[in-house]
Amino acid sequence: MTRKLKEIIIKRIFFLFACVSILILALIVTFLFREGIPIFRMVSVRDFLFGSEWYPTFDPPAFGIWPLIVGSFIVTFFSTMIAVPLGVLSAVYISEIAPRPIKEILKPVIELLAGIPSVVLGFFGMVVLAPWLQDTFDLPTGLNIVNASLMLALMAVPTISSISEDALYAVPREFKEASYALGATKSETILKVIIPSALSGISTAVILGMARAIGETMVVLMVAGGAAAIPESLFDSVRPMPASIAAEMGEAPFRSEHYYALFATGIVLFLLTLAFNLIADYVANKFKEVGSGTL
Amino acid sequence: MRWRYFKEALFFGLVRLSALIIAGALGGLLFYIVWHGIGAISWDFLTLPPVDSMTKGGIMPAILGTLYLTIGAIVIALPLGIMSAIYLTEYAKQGPAMRVIRIGVNCLAGVPSIVFGLFGLGLFVVFLQFGSCILSGALTLGILILPTIIGASEEALKSVPQTFREASLALGVSKWQTIYRIVLPSALPGILTGSILGIGRAAGETAPIMFTAAAFYTARLPSSIFDEVMALPFHIYVLATAGTHIEATRPIQYGTVLVLVGLVLGVDLIAIIIRSTLRKRKRW
């Protein structure tokens, strides 16, 4: 009896530890709201989200984060445009085409790319890409949407590539063989059979890649240029939400309106990435790859 | 028919090109960093503190700070992560509770690093009044890498064959003893290698420590976990954006980048190599 009791207690203890992740999420929500909600005594939620002027240090200050939201979405959109083809095609290469030795090199390469600290990519964008863009296109500054999107794409590629590769790998052999038996070429088989079968996994990969890009801080802080205005061209500077938080929190007086506004920006960012992750989870579970058993 | 061959060639060309671009990007980046950074590296650079308002001297306090923060993070995240993973793989049954925990871990993995920074500021620095210090930073980083550790531990635990557990249970050994004596020792190398990847992540992050631990410059080395520290990633950011001599300190910046990249990718590479030998040398 005591042995059984002990086992039950141990199981409970492990359960509690497993709940730590949930607890932390709850704490994150609690403390973001605790420090962020007070701003809404000053500005309405609508004016905060859709106000087009972000002048937190002016007198009177203006706390409209619409330009920051637009900035975040623009760099996320363009980096996704670059990262999706690169990530998915490289996954196809690794799982379907590459000879074994190349595969064994390329997989760690992608893992190492994922491991490069974001501040290093930001630094590279600042000292290499920015001057090059500025000279080549004769711009006032090389710190702009193009630069940020390129560097963010580098961060998103490993996520997209490795998750897509898992999805492609999970496609049953029979699908491929059936396609070849019908006389399809390799590229036709990949494009019309394998990729569609792995589509839910690839979609998950893309969504998670986007979540990574929208939440990334150091790259946009260092290379997006920092202009809190709605951009008019690809070579304009933007100030995505994470950049604004990181750049201004150090100077915002403790528990001032500015401080609250930055936490509230954090809430928006958190809810956005949470939504991305929940959608990814939903897609991954709802449209599980069909197995050969369903043939 | 010709068109079909053309399409085939075009597709394969694109696929190969994309793999080449990725490998080229990593190779180019590393080459550039080593090329520009190697000149700055010397024994003095690694062992001396910065002098003359950080325009000369070394980066020893930043290396040390990153080391402290990373060790703290792993000490916090490793036990928590392994315990969570044991519950998820050994005890949990498919069902709503497991589903909720799973979603929780996934969502935690997706929280932006700057939000972890805000959270650390709100909870550890302000609410618990630790202030900006090693403890706050290590706790924040520990939470940040928790999902990585859980994922790695789960993978390692799952790779222990079911027959091991069955054999042990058949001998009348209790479930806990089976986990403790049979499953964990078999999974431990895998858990540890996976966790090394977490170390790399913690060492390279900047945003979570900006408001919770990192200092522009400290005149002395930290003497307790309640002291602020310098850290390599933050040092790079500060020198590259906020210094008064941004151009003049470029060599120091490149050198610091090289040290950070060497540290992080070195650690990652070790983990990758150990993992691949482990996979090949499985006894079962």
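Residues numbered from 1 in each chain as written. Chains lettered and ligands numbered in written order. Predicted model: local features only at pLDDT ≥ 70, side-chain atom pairs only at ≥ 80, totals over all residues.

(A) Structural view of the overall build of chain A. Helix and strand counts for chain A come out as 13 helices and 2 strands. Per-residue burial for chain A yields a buried fraction of 48% across its 295 residues. (Helix = DSSP H or I, 4+ residues; strand = E, 2+ residues; numbered from the N terminus. Buried ≥ 20, exposed ≤ 12 C-beta atoms within 10 Å, placed from the backbone.)

(B) Spotlight on the overall build of chain B. What chain B contains, in helices and strands, is 11 helices and 2 strands. Walking chain B from its N terminus toward its C terminus, one meets helices and strands in the order α-α-β-β-α-α-α-α-α-α-α-α-α. Among the 284 residues that make up chain B, the fraction classed as buried is 48%. Within chain B, residue pairs in contact and separated by at least 24 positions form 76% of the contacts whose partners lie at least 6 positions apart. (Contact = placed C-beta atoms within 7 Å.)

(C) Broad picture of unusual backbone geometry. With an omega of 0°, the peptide bond between D59 of chain A and P60 of chain A qualifies as cis. Position of P60 of chain A relative to the elements: it lies in the loop between β1 (54-55) and β2 (62-63). Notably, Q129 of chain B is not glycine yet its phi reads approximately 55°, a positive angle. Owing to 8 C-beta atoms within 10 Å, Q129 of chain B belongs among the exposed residues under this scheme.

(D) Just helix α7 (residues 145-169) of chain A, in detail. Residues and elements named next belong to chain A. An ideal rise of 1.5 Å per residue puts 36 Å on 25 residues; α7 measures up with 35 Å between its terminal C-alpha atoms. Taking the largest bend as the criterion, α7 deviates by roughly 35°, centred on A156, and proline P158 comes between one and four positions later. Summarising burial for α7: 22 of the 25 residues are buried, a large majority. (Expected span 1.5 Å × (residues − 1). Bend = angle between axes of the 7 residues up to and from the residue.)

(E) Main features of the environment of I74 of chain B. Residue and element names in this part refer to chain B. Within the element layout of this structure, I74 appears in helix α3 (residues 60-91). A sequence separation of 129 residues divides I74 from A203, and the C-alpha atoms of the two residues are 10 Å apart. Not counting chain neighbours up to four residues away, the residues in contact with I74 comprise S195, G198, I199 and A202.

(F) How the structure looks around the nonpolar core. Counting 181 residues, the largest nonpolar core has V219 and V223 of chain A together with L69 and A231 of chain B as its most contacted members. Take this core: its biggest share by element is 15 residues, from α7 of chain A. Once residues lying within four places of it in the same chain are set aside, the contact partners of A231 of chain B are A62, G65, T66, L69, I209, A213 and A214 of chain B. (Core = buried A, V, L, I, M, F, W, Y, C linked by C-beta atoms within 7 Å.)

(G) Structural context of the interface of chain B and chain A. In this complex, chain B contributes 67 residues to the contact, which on the side of chain A involves 67 residues. Classifying every residue of the side of chain B that touches chain A by side-chain character gives 49 nonpolar, 12 polar and 6 charged. (Nonpolar A, V, L, I, M, F, W, Y, C, P; charged D, E, K, R; others polar.)

(H) Up close: the packing of α3 of chain B against helix α8 (residues 175-204) of chain B. All names here are of chain B. One can describe the packing of α3 onto α8 by two numbers: an axis separation of 9 Å at closest approach and a directional angle of 140°. The orientation of α3 with respect to α8, classified from their angle, is oblique. Judged by the twist between their axes, the crossing of α3 over α8 is right-handed. Of the residues in α8, those in contact with T66, L69, T70, A73, I74, A77, L78, I82, I86 and E90 of α3 are I179, V183, I191, S195, G198, I199, A202 and A203. Partitioning the contact of α3 with α8 into residue classes produces 13 nonpolar, 4 polar and 1 charged. (Axes fitted to C-alpha atoms, helices over the stretch in contact; angles between N-to-C directions. Parallel < 35°, antiparallel > 145°, perpendicular 65-115°, else oblique. Left-handed = near helix turned anticlockwise from the far one by under 90°.)

(I) Spotlight on the environment of T241 of chain B. Residue and element names in this part refer to chain B. In this structure, T241 sits in helix α10 (residues 232-241). Of the residues examined, T241 has 14 C-beta atoms within 10 Å and is grouped as partly exposed. Sequence separation between T241 and G117 is 124 residues; the distance between their C-alpha atoms is 20 Å.

(J) View of the environment of S90 of chain A. Here S90 of chain A lies in helix α4 (residues 66-97). Here S90 of chain A falls in the buried class, since 30 other C-beta atoms lie within 10 Å of it. Separated by 70 residues in sequence, S90 of chain A and I160 of chain A have C-alpha atoms that sit 9.5 Å apart. Sequence-distant contacts of S90 of chain A, defined by excluding residues within four places in its chain, comprise S161 of chain A together with S18, A19 and I22 of chain B.

(K) Broad picture of the confidence of the model for chain B. On average, residues of chain B carry a pLDDT of 90, and 98% of them reach 70 or more. Quick note on the complex model: pTM equals 0.91, ipTM equals 0.91. (pLDDT = per-residue confidence, 0-100.)

(L) The confidence of the model for chain A, seen in detail. When the pLDDT values of chain A are averaged, the result is 91; 97% of them are 70 or greater. Mean pLDDT values for the elements of chain A range from 89 in helix α1 (residues 2-18) of chain A up to 95 in α4 of chain A.

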